[in-house]
Structures are given as structure tokens and as C-alpha cells.
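# Breakdown of the fold
What follows is the residue order along each chain.
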Amino acid sequence: MILQELTRCYDRMLAAGEAPEFGFGMQKVHYAMTIDEAGNRVGDPATLAEPEKGRVVPVELKVPDPVERSSNVEANFAWDNTKYVLGADAGGSPKRTLECFAAFRQRCRDVGGDLDDAGMRALLRFLDGWNPEDAPQLPDWERMAGLNVVFRLAGERRYIHERPAVREAWLDYMERQAWDVRADCLITGGRTRAVRLHKKVKGLIGGQTGGAPLVSFNADAFESYAKHGRTGNALNAPIGELAAFKYATALNRLLAADSPRRMRVGENMYVFWADGPCARQVETLWATVMVDSTAMEEAALRNSFENLRNGQPPVEGWSPEATFDILGLGPNAARVVVRYWRSSTAGEVFDRVRRHYDDLAIARRFDNEPEFPTLWQLLGATRRTGSAEPAKAPLIDAFLRAVLDGADYPRALQGAVLARVRAERRVGYLRAALLKAFMARLFRRRSDHPDRMELTMTVNTGTDNIAYRLGRLFAVLEKTQQAARPGVNATLAERYLSAASNSPRAIFNLLLRKVQNDLKIIGREQGGGLAHWFRRQIEDIMAGLDAFRPPVPGLPDRFSPDQASLFLVGYYQQLAEKKDKTESRDDS
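Residues numbered from 1 in each chain as written. Predicted model: local features only at pLDDT ≥ 70, side-chain atom pairs only at ≥ 80, totals over all residues. Heavy atoms only, no water.

## Some remarks on the pairing of strand β14 (residues 268–274)
Put simply, the rule reads: When accessible area is computed with a 1.4 Å probe and restricted to protein chains, residues below 20% of their type maximum are described as buried, those above 50% as exposed, and intermediate ones as partly exposed. We count a stretch as a helix when DSSP gives it H or I for four or more residues in a row; a strand needs E for two or more, and each element gets its number in order from the N terminus. The criterion for strand pairing is that DSSP finds at least two bridges linking the strands in question.
Summarising burial for β14: seven of the seven residues are buried, a large majority. Covered by surrounding structure in β14 are Asn268, Tyr270, Phe272 and Ala274 together with Met269, Val271 and Trp273, the residues of both alternating faces. Pairing of strand β13 (residues 262–265) with β14, which is carried by four bridges, proceeds in the antiparallel orientation. What sits directly across from Arg262, in β14, is Val271. Here β13 folds back onto β14, and the loop between the two strands holds two residues, one of which, Gly266, carries a positive phi near 65°.

## A look at the side chain of Arg163
Inclusion rule: A contact between two residues is defined here by any heavy atoms of the two lying within 4.5 Å.
If you trace the backbone, Arg163 turns up in the loop between β8 (148–153) and α6 (164–177). The exposure class assigned to Arg163 is buried, which follows from its relative accessible area of 9%. In this structure, Arg163 is in contact with Asp117, Ala118, Gly119, Leu153, Glu156 and Arg158, ignoring residues within four places of it in sequence.

## A word on the packing of helix α3 (residues 94–112) against α6
Convention followed: Angles here are taken between N-to-C directions and fall from 0 to 180 degrees, while the axes themselves are lines fitted to C-alpha atoms, restricted in helices to the stretch in contact. For classification purposes, angles smaller than 35 degrees are called roughly parallel, those larger than 145 roughly antiparallel, those between 65 and 115 roughly perpendicular, and all remaining angles oblique. Think of it as three bins: nonpolar holds Ala, Val, Leu, Ile, Met, Phe, Trp, Tyr, Cys and Pro, charged holds Asp, Glu, Lys and Arg, and polar takes everything else, Gly as well.
The geometry of α3 relative to α6 is characterised by a closest axis approach of 8 Å and an angle of 95° between their N-to-C directions. Our classification of the angle between α3 and α6 gives roughly perpendicular. Where α3 abuts α6, its residues Arg107, Asp110 and Val111 lie against Ala169, Trp170, Tyr173 and Arg176. In terms of residue class, the contact of α3 with α6 is built from four nonpolar, no polar and three charged.

## Describing empty space enclosed by the protein
Definition in use: Buried and open spaces are told apart on a 1 Å grid over the protein atoms alone, a cavity being a set of points where a 1.4 Å probe fits but cannot get out and a pocket being an open set with protein on both sides within 12 Å along at least five of seven lines. Residues with an atom within 4 Å of a point are the lining residues. Grid points are joined across faces, edges and corners, and a volume is the space filled by probe spheres set on the points.
Counted by the stated rule, this structure contains one cavity of 30 Å³ or more. If you list the elements that add at least two residues to the lining of the largest cavity, you get β16 (337–345), α10 (346–360) and α12 (393–405). Here the lining of the largest cavity takes four residues from α10, the largest share from any one element. Considered class by class, the residues forming the lining of the largest cavity number five nonpolar, one polar and three charged.

## Quick look at the sheet that holds strand β2 (residues 31–35)
In space, the four strands of this open sheet follow the order β3-β2-β8-β7, with mixed pairing throughout. In this open sheet, the two edge strands, each paired with only one partner strand, are β3 (46–47) and β7 (79–81). Note that β2 and β8 share five bridges and pair parallel. Paired with Ile35 across the two strands is Leu153, which belongs to β8. Seen against the sheet, helix α4 (residues 118–129) touches β2 and β8 and runs at an angle of roughly 125° to β8.

## Thoughts on the pattern of salt bridges
Going by this rule: Every case where a carboxyl oxygen of Asp or Glu lies within 4 Å of a side-chain nitrogen of Lys or Arg is listed as a salt bridge.
All told, the structure shown has 40 salt bridges when counted by the stated rule. Between Asp65 and Lys199 there is a salt bridge whose closest N-O contact spans 3.1 Å. Taken together, the positions of Asp65 in the loop between β6 (59–64) and β7 and Lys199 in the loop between β10 (191–193) and β11 (200–201) put the pair 134 residues apart, joining distant regions of the chain. Note that Arg505 and Asp557 form a salt bridge whose closest N and O atoms lie 3.4 Å from each other. Highlighted residues: Arg505 in helix α17 (residues 504–526) and Asp557 in the loop between α18 (528–542) and α19 (561–575), separated in sequence by 52 residues. Given the relative accessible area of 49%, Asp557 is considered partly exposed. What emerges from the salt-bridge pattern is a single network uniting Arg12, Glu18, Arg261, Arg280 and Glu283.

## Here's the deal with helix α1 (residues 2–15)
This is how the line gets drawn: Here the expected span of a helix is defined as 1.5 Å times the quantity of residues minus one.
Across its 14 residues, α1 extends 20 Å between first and last C-alpha, which sits within 8% of the 20 Å expected from 1.5 Å per residue. The set of residues buried in α1 consists of Ile2, Leu3, Glu5, Leu6, Thr7, Cys9, Tyr10, Arg12 and Met13. Of the surrounding secondary structure, the elements contacted by the buried residues of α1 are α7 (241–255), β14, α8 (279–290), β15 (323–330) and β16. One or two positions beyond α1, positive phi appears at Gly17, with a value near 75°.

## Let's talk about the state of the cysteines
Note the following rule: In this description, the term disulfide denotes a pair of cysteine sulfurs within 2.5 Å.
Overall, the coordinates contain zero disulfides when judged by the stated rule. The thiol of Cys185 is unpaired, and the distance to the nearest cysteine sulfur, on Cys9, comes to 17 Å.

## A word on unusual backbone geometry
Although it is not a glycine, Ala78 sits at a positive phi angle of roughly 70°. By secondary structure assignment, the location of Ala78 is in the loop between β6 and β7. Despite not being glycine, Asp140 shows a phi value in the positive range, around 65°. Relative to the assigned elements, Asp140 resides in the loop between α4 and α5 (141–144).

## Re the environment of Asp110
Residue position: Asp110 is located in helix α3. Among the residues examined, Asp110 registers a relative accessible area of 36% and is labelled partly exposed. Note: C-alpha distance between Asp110 and Gly311 (201 residues apart in sequence) is 62 Å. Not counting the four nearest positions on each side in its chain, Asp110 is found in contact with Tyr173 and Arg176.

Structure representation (C-alpha cells):
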């Protein structure tokens with residue numbers, strides 16, 4: 001299923017000009033060398049991009065399919081690094097470098113030695129007449145050494161490997177060299193020539209520099225039915241040569257450094273792609289949720305959700321049955337490890353993203369706070385404020401899967417947020433949103449939860465949940481203190497928020513005595529109207545609940561994590577009430 005979806009992804013990439021056709025690959029190339037029909041060098045090697053900060057920035061070109069190299073001498077056709085193309089490098093063994101040059105020259109002869117093409121003849125003449133000892137005399141050699149080089153014929157803009165006759169010669173050569181074993185392809189179902197070795201996947205953090213295959217058999221434990229050895233190992237999972245090229249090429253394009261369809265999660269890498277007429281919009285939506293809040297304007301995202309609720313297409317060209325796939329990969333010594341795989345539809349993905357944001361929805365205290373925070377912004381709230389250290393990979397994985405699967409958010413997320421609030425004695429928009437979302441999903445699944453209540457975007461004045469009400473009360477007591485003692489060295493939250501969200505009985509006995517002095521100061525210095533307003537706020541929250549009567553014997557000694565979460569949500573929502581102008585900024 002994974003390989004089939006990647007094969008379909010390749011077909012879409014090819015149609016959009018984002019992937020090379022069979023027999024070719026995308027490669028970063030730094031220099032182009034111009035030669036005439038006699039094989040003489042014309043001018044200096046040209047950089048294919050302007051130097052940036054003292055280095056040459058390569059461009060990505062479509063070239064004959066790169067060979068798989070480790071320690072062996074194996075040349076590419078019509079392009080390669082200077083060790084192969086010019087027989088020279090910045091270091092290394094001169095003998096081996098000459099072997100590389102000889103291999104490159106022989107590969108070019110094998111492919112195009114009998115070809116009637118001016119470009120191919122010029123390249124072969126150049127290689128026959130080139131002296132590797134002349135390479136250090138080339139201008140800019142210190143930068144050029146070891147980098148990739150292509151060739152072009154004088155007077156032409158295209159490269160020699162792009163000439164139609166040269167391309168056909170390369171494809172014919174590949175056909176002659178192919179492993180001629182037929183099998184039923186697991187991807188297409190057709191009888192075709194099987195691939196012996198699968199292309200390597202690159203771009204994984206912590207993986208091998210040269211990449212690793214997604215499908216391979218390198219030990220007896222992975223082989224069965226006597227399908228082993230050089231002539232049979234791939235037949236444990238027979239895949240056609242073309243299909244294998246497609247899935248590997250698509251995966252490498254998705255993992256490329258400039259790909260907008262990948263995201264790093266610890267040592268794992270996630271790639272995602274969609275199909276159908278709305279593929280780009282669905283991919284942009286997911287990039288918005290996970291990686292980049294600027295990928296889709298918040299107003300456009302809001303309109304999309306509203307359209308969906310009203311039964312209208314959320315984006316232009318909407319096709320809810322279009323597929324959406326997300327694949328999580330990790331590095332290993334011998335092969336790529338599949339960490340996560342989910343194939344769903346655009347409609348399902350859009351609905352789960354909407355539910356995710358509905359659960360998170362909570363009043364913002366400041367206009368510059370994101371209405372649709374990304375995964376990274378949310379998980380940043382589980383770390384110390386101002387810290388660049390990322391969240392732990394298992395937490396990121398679990399949170400991502402909760403969004404994708406519509407499941408409960410992980411308990412570790414709740415614990416991480418509570419720990420940061422108690423350490424810093426600050427809640428803030430993102431932390432409150434995470435706690436609210438966690439509890440909303442928990443209540444949706446557990447209708448028998450003892451603290452179950454309706455969690456709304458703004459203050460819920462109708463609930464009698466004691467933890468939530470105590471949070472609201474703490475916010476009003478804090479505002480009362482700020483009005484009575486502006487500029488106080490330590491606010492109520494800085495001194496008591498951690499303890500109040502953990503051990504309410506002892507703290508609120510103390511706070512309800514302290515607030516009487518604050519009300520007297522406000523009445524004396526700012527008038528009885530403001531003091532009366534604060535007193536009414538406190539009484540409204542405490543009204544009808546005997547547990548609030550001093551000395552509050554009915555309050556619990558300790559809060560559970562769920563109760564502490566409700567306390568902090570109530571505290572934040574009361575602070576965010578726009579009716580009160582005394583609030584102070586909290587960016588956490």
C-alpha cells in the first residue's frame with residue numbers, strides 16, 4: 001500500500017514537472033564545462049549559480065540516473081564530480097583518482113561510442129585528450145575540486161546529456177544492463193522485469209550519508225523460499241523496475257531539503273502528499289497545521305472551516321474523496337524504518353484538522369496570538385519560555401498521531417504543560433488552549449468523568465465545577481491585588497498559582513483573608529464603585545457553593561491533574577475576559 005501510493009505520487013510529480021522520467025534523477029550540479037566539436041575546452045568552467053558567502057550554491061538538474069556508490073569505483077554518465085570527470089580532486093589517492101577518470105571515460109564510450117551525435121563525439125574527444133594534471137590550472141579550482149560538473153557544446157544552452165540522441169542512447173544502455181528476471185510486480189500486478197536492488201532513500205536525519213533502501217534483503221532471516229543470493233534476493237518482494245524507480249524517486253523528492261511536504265520530528269522524518277484536483281490545497285493545509293502558519297492565511301483557513309460547517313466546499317476544486325497520505329520514517333543501519341503510515345481522504349483530514357482547532361479554540365488575550373497555531377507553536381508551550389530546545393520526540397509523535405487519528409491527546413502533553421505552568425507560574429494562550437483541548441477530548445470519550453463539564457471558548461459562568469470556579473476566582477483575586485497594589489513586586493500568580501492549582505484548601509483560606517485588605521485599599525484610594533465591582537465578581541463566582549464559605553472546609557486538599565487543568569483553563573479564561581481593563585500582558 002505504501003509503495004503503491006508513492007508510485008501514484010510520482011505520476012503526479014512527473015505530470016507537474018517536479019520529478020524526472022525513468023532513467024534520470026535530480027542532482028545538485030555546481031559547474032558546467034563548455035567544449036567545441038573538436039573536444040577543446042572553450043572558456044573557463046561556468047558556475048551554475050552565484051557564489052554565496054564564499055561557497056558555490058549548486059542548482060538541481062535532471063541528469064542520467066546516479067549510480068549507487070559506497071567505496072567502489074562506479075561512474076555516472078556524462079556528469080559526475082571532478083574526480084571522475086577530470087581525474088583530479090583536492091586530495092585522496094592519485095592512483096584511485098585516475099581509476100575514477102578511466103571509469104568515467106569508459107562509461108561514456110559504452111553508452112555513446114557508436115552514437116552519431118556532435119555533442120557525444122565532442123565529449124569523447126575531450127576525455128581522450130584531457131590531461132588530469134591540468135586540472136589544478138583551471139580558474140577557481142580550489143572551489144571546483146570535488147564538485148559536480150556537466151558538459152555543454154559551444155553555442156548551445158542545453159547540456160550534452162539533454163540532447164535527444166544522447167538521452168535515447170542512455171536509455172538503450174540501461175535496457176541492455178538491466179537484470180533480466182521476470183516476476184509479478186507487487187505494485188502493478190503485471191508480469192515485468194523485476195528490480196534486483198532498490199534505490200536508496202536519502203534525507204533522513206542520522207541515517208547513512210549515502211542513503212539506505214526502503215526494501216532490501218541482506219541476511220538469511222529476511223529471505224524465504226530459497227530466494228536468496230545475487231540472482232534472487234529481490235524476489236522475496238518482486239517489484240518491477242519501473243515501479244521501483246517511481247516509488248524511490250517520489251520518496252526522495254518528498255524528503256529533499258527544499259521540499260514543502262516534509263517535517264522533522266526528532267530523528268524521524270514525516271512526509272505527506274495528496275492526490276486529486278485539490279491536492280495542493282490539502283498539502284498547504286497540512287503544512288499550515290504542522291509546520292508553517294504563513295502557508296495559508298488565517299482568514300482563508302477560517303473561511304474554509306466555515307464553508308465546511310455550512311456544507312460548502314472548503315477550497316476551490318474540493319474533492320473529499322481525494323487521497324491524503326502521511327508516512328513517518330526513521331534511520332537504521334541497513335534500511336529505512338517505517339515509523340508511521342496513514343492513508344486517508346482529503347475530507348477526513350480536513351475534518352480532523354477542523355476538530356483539532358475546535359478543541360483548541362479559546363479566547364485570545366492579544367490580537368497577535370495565532371488563531372490557528374501550528375504543531376511547533378503548540379509544542380513550544382511545553383518547553384521553558386524562550387527556549388529553542390524542541391519538545392521530546394515521543395511527545396511530538398504522540399501529539400501528531402492524535403491529530404491525524406482523532407484520538408485523545410497524550411497524557412504526556414497534559415503533564416508537560418502542567419509542569420511548565422507550575423515552574424514558571426504563567427499560563428498564557430497556548431498552554432490554556434492545550435489544556436482545554438486535552439480535557440475536551442477526554443470528556444468526549446468519557447461521559448462518566450467525575451469532573452465533566454462543557455468547555456467553551458470563553459468563560460463558562462454556568463458550570464458548578466469547583467476546580468474551574470476556583471481558577472476563575474484566583475484570576476479575580478489577582479486582578480483585585482493588581483488594582484489595590486499596582487507595581488507590586490510579586491503578583492498573586494507568581495507567589496501562589498503553582499500551589500493553588502495543586503493544594504487549593506490551604507491557599508484559598510489564605511487568599512480570601514488577604515483580599516479583604518485589598519478591597520479596603522481600593523475603596524479608600526480609588527472609590528467605592530471599583531471596590532464594589534470586584535466584590536460582586538468574587539461573590540458571583542462563590543455564590544451558591546457552600547464549599548467557598550470561609551474557612552472553606554469543602555475544598556479538596558489536592559487537585560488531580562484533570563482538576564488542575566480545569567483550574568488553569570478557568571483562570572486563563574477569566575483573565576481573558578474583555579470587560580476588565582486591568583489585565584497585564586502574558587505571552588507564554
